[in-house]
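Residue strings, one per chain:
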Amino acid sequence: MAILTTILSVSAISGVLALVIILAEHFLNNYGECEININNGQKILKVEGGSTLLSSLAAQKIFIPSACGGKATCGLCKVIVKSGAGPLLPTEEPYLNAQQRQQGYRMACQVKVKGNLEIEVPDELFNIREFNTTIESITQWTHDIKGLRLKLPPGETITFKAGQYVNFYSKPYAKVKESVFRAYSISSAPSDNQAIELIIRQVPEGLCSTYVHTMLKEGDSVTISGPYGEFHLHGENRNLIMIAGGSGLAPIRSLVLDILEKELDLDMTFFFGAVTKRDLFNLDELNDLQARHPNFHFVPALSKPLPEDNWEGEVGLITDVVGRHIGSGENKEAYLCGSPGMINACIQVLTKNGVTEDRIYYDKFA
Amino acid sequence: MKQSPNLQDIQDAMKPGSLSAEGFLGTDDRSLSDILQADQQAVRRMGVTHQAIAAAMRRLTETAKTGLGKPVELDGLYEATDDEFMGRMPCPFRDNFKAEKRTTTVRNLATGQTMAWSDLNIHMIEAHGFYEGFGSHYRLEPAALVDFLGGSERLRTQS
């Protein structure tokens, strides 16, 4: 009897504790409906609290730039939060300098909507749209790089500057249970506005790039949002040096096609670097552009060609090749897209040859 | 072995689909604290430290970086190649560290043996003594890694 009483007592206490935990979770984690006031009443959103500011705004079709899918690794999603955000988080600190903190900048991917918020965003963000595209074609460019052509729905068009990027949303697959998004530069010309093209390299263990390389098929639907980014022609009418490696070709191709279509009076030299020939691609198009346009010069370069590459082009690190060709950097500006290591090394060569740092633009991948 | 709620949260972040497609634990069914403890004991038995191992790995990675993808020789013993990718990877231990997405592939010139690691591997070994779980693609067995890097004596001398 005593044993039975003990068992019943312990069970009752456990049940009461479980009920307390459930009620606590319900009331403490339930933030209810929250209001987000954008630009002093320009837009007022009602959202369900509990999600990040980034995802809450995206759910309302207001897209804040982000390249990392909200993982606090890109630093792009800064917005001014005038009230309602709570204290600055350790995850935000590396991306906000003292002046930005004073101005009220916060990382939208880290701020959780727990109550009403007042925020400020640039007006141009309201032009960013979401598109439900269809995969029109997939091109296997190299062993680990694919090209995608995404067709917009009939009647829809996208307006972007050559060099900008879109956010690409993967779907759940295999062991990846949630959709993620990543930033990929548009590689097609802005005039081709009923579709966009992307160049995507498989990142080992990458959540989104693995989806693209292992799951995506022609005819599949894909959601994108955009355009985003400040990497575009700055219109200073100087001669252009363009440098890229691997999938860094994407924004450079868009820039080249745009400049040639518009017949801008600019002289372009594009250095495309790789280690061996198997990592170079799209050579036919680039060589053809060079043949047809006297103001476009294409310089592919390999740092360690294999004998079977039968390579007759430039040989050496891309920095060495650029150094050999650049001449004077006066009245030139440079557009770079590739790994941080490549970018840093190229900046050194360019500045050494007279291209000032304020005339060097880059999309650093990071 | 029961582990703290904090380690349990970290172990959950290491599962496939959270930070990477395959995660950091492979097919290992041990708890994270058991994995850490076992590798800690293995490293201690060899008379070296996680930090000495990480330092040797980092030296090879820094050498590889100068090649911009082209193999670079170090000390006449190794050839190291760097491959960089877009973006950064947050550390699953939630210490605010964000690793560049880089794979360093190193070949021992004498034996032809090859090993590869990421920048995140170096950080997780140095800061957390974590070599990933059994069956993980990026698992580095401490004993094999120490041997590849030249042995315990060499690591103690270099650190």
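Residues numbered from 1 in each chain as written. Chains lettered and ligands numbered in written order. Predicted model: local features only at pLDDT ≥ 70, side-chain atom pairs only at ≥ 80, totals over all residues.

S.K.: Teacher, can you tell me more about the overall build of chain A here?
M.R.: Of the regular secondary structure elements, chain A holds 8 helices and 17 strands. For chain A, the C-alpha atoms occupy an extent of roughly 95 × 50 × 45 Å along the three principal directions. A burial count over chain A gives 39% of its 366 residues as buried. Long-range contacts, defined as pairs at least 24 residues apart, comprise 69% of the intrachain contacts of chain A with a sequence gap of at least 6. (Helix = DSSP H or I, 4+ residues; strand = E, 2+ residues; numbered from the N terminus. Buried ≥ 20, exposed ≤ 12 C-beta atoms within 10 Å, placed from the backbone. Contact = placed C-beta atoms within 7 Å.)

S.K.: Would you mind showing me how to read the overall build of chain B here?
M.R.: Counting secondary structure elements, chain B contains 6 helices and 4 strands. Shown N-terminal to C-terminal, the secondary structure of chain B runs as helices and strands in the order α-α-α-β-β-β-β-α-α-α. Judged by the C-alpha coordinates and their principal axes, chain B covers about 45 × 40 × 25 Å. Restricting to contacts in chain B with at least 6 residues of sequence separation, those with at least 24 account for 55%.

S.K.: Got a minute to help me understand the interface of chain B and chain A in this structure?
M.R.: In many reports, interface size means the accessible area that the parts give up when they come together. In this complex, chain B contributes 20 residues to the contact, which on the side of chain A involves 28 residues. Elements represented by at least two residues in the side of chain B that touches chain A include exactly β2 (78-90) and β3 (98-108) of chain B. Among the elements that line the side of chain B that touches chain A, the one with the most residues is β2(B), at 6 residues. Its residues assigned to classes, the side of chain B that touches chain A comprises 6 nonpolar, 6 polar and 8 charged. (Nonpolar A, V, L, I, M, F, W, Y, C, P; charged D, E, K, R; others polar.)

S.K.: Please clarify how the pairing of strand β10 (residues 195-201) of chain A should be interpreted in this entry.
M.R.: Side chains on a regular strand alternate between the two faces of the sheet. Residue and element names in this part refer to chain A. Of all 7 residues in β10, 6 are buried, a share of seventy percent or more. The pairing of strand β7 (residues 145-151) with β10 spans 7 bridges and is classified as antiparallel. Within β10, the position partnered with G147 by the bridge is I199. (Pairing = 2+ DSSP bridges.)

S.K.: Explain the sheet that holds strand β6 (residues 129-140) of chain A to me, please; I cannot follow it from the model alone.
M.R.: One key point about sheets: their strands pair by backbone hydrogen bonds, in either a parallel or an antiparallel sense. Residues and elements named next belong to chain A. Read across the sheet, 6 strands follow the order β9-β8-β11-β6-β7-β10 without closing on themselves; strand pairing throughout is antiparallel. What marks the edges here is a single partner per strand, and that holds for β9 (181-185) and β10. For this sheet the average axis-to-axis angle between neighbouring strands, irrespective of direction, equals 40°. With 6 bridges connecting them, β6 and β7 associate as antiparallel partners. Along β7, the bridge assignment pairs T134 with K151. Contacts from helix α4 (residues 207-214) reach β7, β8 (165-169), β9 and β10, with the element oriented near 110° to β10. (Axes fitted to C-alpha atoms, helices over the stretch in contact; angles between N-to-C directions.)

S.K.: Help me understand the environment of A:E263, please; the structure alone is not making it clear to me.
M.R.: All names here are of chain A. Looking at the secondary structure, you find E263 in the loop between α5 (249-261) and β13 (268-274). Of the residues examined, E263 has 9 C-beta atoms within 10 Å and is grouped as exposed. The sequence separation of E263 and P305 amounts to 42 residues, and the corresponding C-alpha distance is 35 Å.

S.K.: I'm lost on the confidence of the model for chain B in this one. Help?
M.R.: Any segment with low pLDDT has predicted coordinates that should not be analysed in fine detail. Residues and elements named next belong to chain B. Across chain B, pLDDT averages 94, with 98% of residues at or above 70. Mean pLDDT values for the elements of chain B range from 88 in helix α6 (residues 152-158) up to 98 in helix α4 (residues 119-128). Predicted as a complex, the structure gets a pTM of 0.87 and an ipTM equal to 0.91. (pLDDT = per-residue confidence, 0-100.)

S.K.: Mind showing me how you'd approach the domain arrangement of chain A here?
M.R.: Here chain A is partitioned into domain 1 (33-125), domain 2 (128-228) and domain 3 (239-363). Placing the centre of domain 1 of chain A and that of domain 3 of chain A at their C-alpha centroids yields a distance of 37 Å. (Domains from an automatic or database assignment.)

S.K.: Help me out: how do you make sense of the packing of helix α3 (residues 50-65) of chain B against α4(B) in this one?
M.R.: In a packed pair of helices, the relevant descriptors are the angle between the two axes and the axis-to-axis distance. All names here are of chain B. Packing of α3 against α4 brings their axes to within 8 Å, and their N-to-C directions diverge by 160°. Classified by the angle between their axes, α3 and α4 sit roughly antiparallel to one another. In this structure, the crossing between α3 and α4 has a hand that is left-handed. Contacts from H50, Q51, I53, A54, M57, R58 and T61 of α3 reach α4 at D119, I122, I125 and E126. Residues that form the contact of α3 with α4 fall into these classes: 5 nonpolar, 3 polar and 3 charged. (Parallel < 35°, antiparallel > 145°, perpendicular 65-115°, else oblique. Left-handed = near helix turned anticlockwise from the far one by under 90°.)

S.K.: Looking at this structure, how should I read the packing of helix α7 (residues 318-325) of chain A against helix α8 (residues 340-352) of chain A?
M.R.: Residues and elements named next belong to chain A. At a closest axis distance of 9 Å, the pairing of α7 and α8 adopts a crossing angle of 25°. Of the possible angle classes, the one that applies to α7 and α8 is roughly parallel. Here the hand of the crossing between α7 and α8 comes out right-handed. In contact with I318, T319, V322 and G323 of α7, α8 contributes M342, A345, C346 and V349.

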